Amino acid sequence: MHMIKNMTRILTHMRNRILSLLTFIFLLTGSCSGPEGFKKPEDALDAAREFVRAVLDGDYKRAELYVLPEEDDMRLFLRYKDYMKNQPEKERLGLKSSSILVNKVEALSDSVSIINYSNSFSKKPMDIRVVKKDGEWWVDFSYTFSGDEEMKPLE
């Protein structure tokens, strides 16, 4: 009887250690895949579409993951985020429920593309520049937006 209790205790201990190890592995692999909603872009159009969708949804944490990690781009993106968060709720909800309409994709080279798009809410055509840097596609936010106070798209 004593031997069965010891064996049960050993098996329970092993099961708990295995479950702990599996949980650790699950958490580790989950954190390596990137934040929730982040999808590494496969091409310029993919980067632009994922970025624009995140912005339209008001998910600026996800959108920021697609912005070229350079000082000017990040500074302008943070200003744009603040601007958009202060827009009327009606506009933000309209953008969130809108669809992306890709009008034109222009590959300037194998590492630079300009995507002209609009959304079904505002219907205003806009350009977004996407660049490939270190093998990854990024939104060149400083190309897309000026640094003026109203954060209007470049015409």
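I will try to describe carefully the structure that is included in this document.

**Brief notes about the overall build of the chain**
Moving on, step 1. Looking only at helices and strands, the chain has 6 helices and 4 strands in total.
Moving on, step 2. Helices and strands appear in the chain in the N-to-C order α-α-α-α-α-β-β-β-β-α.
Moving on, step 3. Expressed as a percentage of the 155 residues in the chain, the buried residues total 32%.
Moving on, step 4. Taking contacts inside the chain between residues at least 6 apart in sequence as the whole, the part at least 24 apart equals 47%.
Moving on, step 5. For the chain, the accessible area works out to roughly 10,400 Å², and carbon and sulfur atoms hold 57% of it.

**Notes on the sheet that holds strand 2 (residues 112-119)**
Moving on, step 1. Taken in spatial order, the 4 strands make up an open sheet running 1-2-3-4, and their pairing is antiparallel. Each edge of the sheet is formed by a strand with only one pairing partner; in this case those strands are strand 1 (100-107) and strand 4 (136-139). Strand-to-strand twist across the sheet, computed as the mean angle between neighbouring axes with direction ignored, equals 30 degrees.
Moving on, step 2. Where strand 1 meets strand 2, 7 bridges bridge the pair, whose relative direction is antiparallel. Counted as the bridge partner of V105 is I115 from strand 2.

**Description of the side chain of D46**
Moving on, step 1. Counting through the fold element by element, D46 comes out in helix 2 (residues 44-57).
Moving on, step 2. A distance of 2.9 Å separates the side chain of D46 from the backbone nitrogen of E42, its partner in a polar contact.

**Side note on empty space enclosed by the protein**
Moving on, step 1. Taken as a whole and judged by the stated rule, the model has 1 cavity of 30 Å³ or more.
Moving on, step 2. Roughly 40 Å³ of internal volume is contained in the largest cavity.
Moving on, step 3. Contributing to the lining of the largest cavity are A48, R49, V52, I100, V102, I115, Y117 and I128.
Moving on, step 4. Broken down by secondary-structure element, the contributors of at least two residues to the lining of the largest cavity are helix 2, strand 1 and strand 2.
Moving on, step 5. Broken down by element, the lining of the largest cavity gets its largest block of residues, 3 residues, from helix 2.
Moving on, step 6. For the lining of the largest cavity, the per-class residue count stands at 7 nonpolar, no polar and 1 charged.

The rules behind these values
Residues numbered from 1 in each chain as written. Predicted model: local features only at pLDDT ≥ 70, side-chain atom pairs only at ≥ 80, totals over all residues. Heavy atoms only, no water. Helix = DSSP H or I, 4+ residues; strand = E, 2+ residues; numbered from the N terminus. Buried < 20%, exposed > 50% of the residue type's maximum accessible area, 1.4 Å probe, protein only. Contact = heavy atoms within 4.5 Å. Areas by Shrake-Rupley, 256 points an atom, 1.4 Å probe, with all protein chains shown as cover. Pairing = 2+ DSSP bridges. Axes fitted to C-alpha atoms, helices over the stretch in contact; angles between N-to-C directions. Polar contact = N/O pair within 3.5 Å; in protein donor to acceptor, adjacent residues only side chain to side chain. 1 Å grid on protein atoms, 1.4 Å probe; cavity = no way out; pocket = protein on both sides within 12 Å on 5 of 7 lines; lining within 4 Å. Points joined across faces, edges and corners; volume = space filled by probe spheres on them. Nonpolar A, V, L, I, M, F, W, Y, C, P; charged D, E, K, R; others polar.

From the geometry alone we can't say anything about function, so treat these as descriptive.
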